[in-house]
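Structural overview for review
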Amino acid sequence: AGAILVLVGGGYLLASRYSPFVPGATQPLEHWELLLDIPLFLGIGLLGFGFSRKPWARRLTMLGWLVGAFYGGLWAQDLFYTENSDYVNYAFSLLFGVLFVYLAYHEWLSVLRRVDNAPVHFLSVSFFVGAGAYFLIDKIQPIRLWLIHVVSGHTKWMLDLFGQGDKAGLVFIVDEADNKSPTTFFYPDQYCEPYATNEDGTRSEVGRYCAENNLYVPQHDATIPDNWWGELLHFAPDGDHRILPVSIVLACTALQSIMVFVGLFAGTTAGLRRKIYASLIVGGVVYVLNLVRNTGIIWFYGQGHSSFWVMHDAIGKGGSLLAMVAIAFGVFRYFPEFLQALFGVLDLVERDGPIERFLKLGRRRPTATPPTTTT
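Let me sum up the structure you'll find in this document. Within each chain, residue numbers correspond to sequence positions counted from 1 in written order. Given that the model is predicted, a residue must reach a pLDDT of at least 70 before its local features are reported, and side-chain atom pairs must reach 80 or more before they are shown or counted; all residues, however, enter totals for whole chains, interfaces and linings. Water and hydrogen atoms play no part in the side-chain values, which are based on all heavy atoms of the structure.

**Considering the overall build of the chain**
Selection rule: Each helix corresponds to a stretch of at least 4 residues labelled H or I by DSSP, and each strand to a stretch of at least 2 residues labelled E; elements are numbered beginning at the N terminus. Burial classes: relative accessible area under 20% of the type maximum marks a residue as buried, over 50% as exposed, and values in between as partly exposed (1.4 Å probe, protein chains only). Contacts were defined at the residue level, with two residues in contact if any of their heavy atoms lie within 4.5 Å. Residue exposure ignores everything except the shown protein chains as possible cover, and the areas themselves are Shrake-Rupley values with a 1.4 Å probe.
Broken down by element type, the chain carries 13 helices and three strands. Summarising its shape, the C-alpha atoms of the chain cover approximately 105 × 50 × 45 Å along the three principal directions. Scored against the burial criterion, the 375 residues of the chain give a buried share of 42%. For the chain, the proportion of contacts with a sequence separation of at least 24, taken over those separated by at least 6, is 65%. Carbon and sulfur atoms make up 65% of the accessible area of the chain, which totals about 20900 Å².

**Re the pairing of strand β1 (residues 171-174)**
Condition: DSSP calls a pair of strands paired once it identifies at least 2 bridges connecting them.
Residues Val171 and Ile173 line the buried face of β1, whereas the alternating positions Phe172 and Val174 sit on a face that is not buried. Note that β1 and strand β2 (residues 183-186) share four bridges and pair antiparallel. Pairing of Val171 across the sheet is with Phe186, part of β2.

**What about a nonpolar patch on the surface?**
Quick note on the threshold: Nonpolar side chains (Val, Leu, Ile, Met, Phe, Trp, Tyr) within 5 Å and like charges within 9 Å form the patches, drawn only from residues with over 30% relative accessible area and no salt bridge. Whenever a carboxyl oxygen of Asp or Glu lies within 4 Å of a side-chain nitrogen of Lys or Arg, that contact is scored as a salt bridge.
A surface patch of nonpolar side chains, amounting to about 730 Å² of accessible area, comprises Leu272, Ile276, Tyr277, Leu280, Ile281, Val285 and Leu289. By the element assignment, Tyr277 lies in helix α10 (residues 272-302).

**Comments concerning the side chain of Gln303**
Short version of the rule: Any pair of nitrogen or oxygen atoms within 3.5 Å is treated as a polar contact; in protein, a donor-acceptor pairing is required on top of that, and neighbouring residues in sequence qualify only through side-chain atoms on both sides.
Mapping Gln303 onto the fold places it in the loop between α10 and α11 (308-334). Here Gln164 takes part through its side chain, which lies 2.8 Å from a polar atom of the side chain of Gln303. Reaching out from Gln303, the side chain makes a polar contact with the side chain of His305 at a distance of 3.4 Å. Residues contacting Gln303, with those up to four places away along its chain left out, are Gln164, Ala168, Tyr187, Gln190 and Ile298.

**Quick notes on the sheet that holds strand β3 (residues 246-248)**
Whether parallel or antiparallel, the strands of a sheet pair through hydrogen bonds between backbone atoms. The condition is simple: Only C-alpha atoms enter the line fits that serve as axes; for helices the fit covers just the stretch in contact. Angles between N-to-C directions range over 0 to 180 degrees.
One open sheet accounts for three strands, arranged β1-β2-β3; its pairing is antiparallel. Single-partner strands in this sheet number two, and they are β1 and β3. Adjacent strand axes in the sheet meet at a mean angle of 25° when their direction is disregarded. Summarising the sheet, β2 and β3 pair through three bridges and their orientation is antiparallel. Bridging across to β3, Thr184 finds its partner in Ser247. Against the sheet, helix α6 (residues 141-161) engages β1, β2 and β3, with an angle of about 20° to β2. The strands touched by helix α7 (residues 205-212) within the sheet are β1 and β2, with β1 carrying the most contacts at an inclination of about 125°.

**A closer look at the packing of aromatic side chains**
For clarity, the cut-off: Ring pairs are drawn from Phe, Tyr and Trp, using the six-membered ring of Trp, whenever the two centres fall within 6.5 Å, and their geometry is named by plane angle: stacked under 30 degrees, edge-to-face over 60, tilted for the rest. The rule is short: NZ of Lys or CZ of Arg within 6 Å of the ring centre and within 35 degrees of the ring normal puts a charge over the ring.
Per the stated rule, a full pass over the model turns up 28 aromatic pairs. Seen in terms of ring centroids, Trp75 and Phe135 are 5.7 Å apart; in terms of plane orientation they differ by 65°. Their pairing is edge-to-face. Taken together, the residues Trp75 in helix α3 (residues 55-82) and Phe135 in helix α5 (residues 118-139) connect sequence positions 60 residues apart. A relative accessible area of 10% places Phe135 in the buried class. With a centroid separation of 6.2 Å and 35° between ring planes, the pair formed by Phe92 and Phe96 is classed as tilted. Here the residue Phe92 and the residue Phe96 both occupy positions in helix α4 (residues 87-113), the gap between them amounting to four residues, near one helical turn. With a relative accessible area of 46%, Phe92 lands in the partly exposed category. In this structure an aromatic cluster arises from ring pairing among Phe261, Phe265, Phe329, Phe332, Phe335 and Phe338. Arg333 extends its terminal NZ or CZ atom over the ring of Tyr334, reaching a point 5.2 Å from the ring centre.

**Structural notes on the nonpolar core**
To keep it simple, the criterion reads: Take the buried Ala, Val, Leu, Ile, Met, Phe, Trp, Tyr and Cys residues and link them wherever side-chain atoms come within 4.5 Å; each set so joined is a nonpolar core.
Grouped together as the largest cluster of nonpolar side chains are 47 residues, with contacts concentrated most on Trp65 and Phe265. Considering every element that reaches this core, the biggest residue donor is helix α9 (residues 255-267), with seven residues. Listed in part, the twelve residues of the second largest apolar core include Phe185, Tyr187, Val246 and Ile248.

Laid out in structure tokens, this is it:
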């Protein structure tokens, strides 16, 4: 509890003071994002020692979990404010911080008892591979932009396949100067402002297109049908029903979901060939499902048939979660090592350590009883 308070809580307080993304920060730092990379990659790198089962390697892995917990506290508020009040990722960042402290405790318990712990070994390798690959791609700009362009091109292909691309008037714009969201989709009959600008005040490629083609459809709210179905499809917690262009960012590429499975497969005891086959099959399925998700958002939101929240958050994120659960069950059938590893993680509370005894979790060892004599 003290470690959680110091690491997760301390990181949270530091972000409240120094992060430029947190409203009200008293001393925002110019290079905050670069400073965040230090605990991020330090923690991931230390988890790489999880490949070894030596006692010294377990100590370094334990340190990696603690650094990861600190990063969870640092990153939570940035996720919330930069992702338009994303409560889900905000909560997950804090919860993962708590989980990492618990995993560090299990590493300590293994060192203390001089035993190996397969579930923690599985998780350390999984996080090293999955998180390491994801954040490396995120930080290496040419690779990140290439992936966004590839996914955007395939999304455009799928929109054309369903008759919602060029035939429906869809405009697909690529802005090579934009290093965050270089591709944009929009329907000019729903939105086309010649004076649309970027965050820095310069005219955007959307504005340039509308000006060059003498098109002007001002920003406006979608028309909501006067029935329960229309109200449901256009529900928005913040009341925002505007129709705006849709841009593709790294989160729209399914990289995060794919790396979750790849990392988990890497941590199992299966052979290398089976790990690669499972990663390719599941990665391909997730990628195609993500293209369907992107297509639905651009199609239904871009034409004013639903709110962005319904398509992106409710259907998009909810559907992604259900799809990942369904894929996991399919993997259990043909990749039993994956199921065994997950069961091992659930059994961590059965180790009968001091925390489990204090919280009365799992199966506790019986206390010794004094010998009795009979007469």
